[in-house]
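Chain by chain, the residues:
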Amino acid sequence: MLDNSSPVREMSVRFDDGSSIVRPEQLEWTPWALPGHSFKLLSINRGSGVWSCLMKVEPGVVTPIGRLHGNGYLYVMRGGYSDGADTISSGQFSVQGGGSVRKMIVGADGLLCYIMFFG
């Protein structure tokens with residue numbers, strides 16, 4: 001339940017204790033290193049190497065084969081993709097092991113996902 005006595009902030013905010021609230025709708029999409037990809041950085045912990053983002057990939061994009069340095073957690077919010085072994089669709093969650101080698105084949109609806117990278 002919303003506590004009406006708490007201030008409602010319209011911008012993302014960082015607190016003195018290191019906590020934060022991120023409002024992704026206020027962030028611009030930033031081009032990713034791969035064509036057809038863009039992201040919104042949500043969090044980063046430089047000490048642990050853990051970071052998270054929203055990622056958007058255009059329909060039909062096929063990425064080159066790549067290797068993950070650490071685990072990657074991916075939740076598909078809209079659309080889907082195939083990694084060559086299986087298809088991951090809207091509402092599904094994928095854990096990609098560190099050191100895994102994969103490519104991504106994005107479906108006709110494109111892809112919007114939340115990703116957390118470890119390392």
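Everything that follows concerns the structure shown earlier in this document.
Each value, and the rule that gives it
- Residues numbered from 1 in each chain as written.
- Predicted model: local features only at pLDDT ≥ 70, side-chain atom pairs only at ≥ 80, totals over all residues.
- Heavy atoms only, no water.
- Pairing = 2+ DSSP bridges.
- Helix = DSSP H or I, 4+ residues; strand = E, 2+ residues; numbered from the N terminus.
- Patch = residues over 30% accessible without salt bridge, like charges linked within 9 Å, V, L, I, M, F, W, Y side chains within 5 Å.
- Areas by Shrake-Rupley, 256 points an atom, 1.4 Å probe, with all protein chains shown as cover.
- Salt bridge = Lys/Arg side-chain N within 4 Å of Asp/Glu carboxyl O.
- Contact = heavy atoms within 4.5 Å.
- Buried < 20%, exposed > 50% of the residue type's maximum accessible area, 1.4 Å probe, protein only.

*Asks:* Could you clarify how one ought to interpret the pairing of strand 11 (residues 105–118) in this entry?
*Replies:* Look at any regular strand and the pattern is simple: side chains alternate between the two faces of the sheet. Relative to strand 11, strand 5 (residues 50–57) is paired through 8 bridges, and the arrangement is antiparallel. What sits directly across from Lys56, in strand 11, is Leu112. Pairing of strand 7 (residues 72–82) with strand 11, which is carried by 9 bridges, proceeds in the antiparallel orientation. The residue bridging Arg78 from the neighbouring strand is Leu112, located in strand 11.

*Asks:* What is the right way to read a nonpolar patch on the surface from this model?
*Replies:* Side chains of Tyr75, Met77, Phe93 and Val95 sit close together on the surface and give an oily, nonpolar patch of about 390 Å² of accessible area. Sorting the residues of the nonpolar patch by element identifies strand 7 and strand 9 (93–96) as the ones contributing at least two each. Along the chain, Met77 falls in strand 7.

*Asks:* Please clarify how the side chain of Ser94 should be interpreted in this entry.
*Replies:* Positionally, Ser94 belongs in strand 9. What Ser94 contacts, discounting residues up to four positions off in sequence, is Gly72, Tyr73, Leu74, Tyr81 and Ile88.

*Asks:* Sorry, what's going on with the pattern of salt bridges here?
*Replies:* Opposite charge on two side chains permits pairing when their charged atoms draw close. Tallied over the full model, the rule gives 1 salt bridge. Across the pair Asp83 and Arg102 runs a salt bridge whose closest N-O atoms are separated by 2.7 Å. Placement of the pair is Asp83 in the loop between strand 7 and strand 8 (87–89) and Arg102 in strand 10 (residues 101–102), with a sequence separation of 19 residues. With relative accessibility at 12%, the residue Asp83 sits in the buried group.

This is a description of form; function is not addressed.
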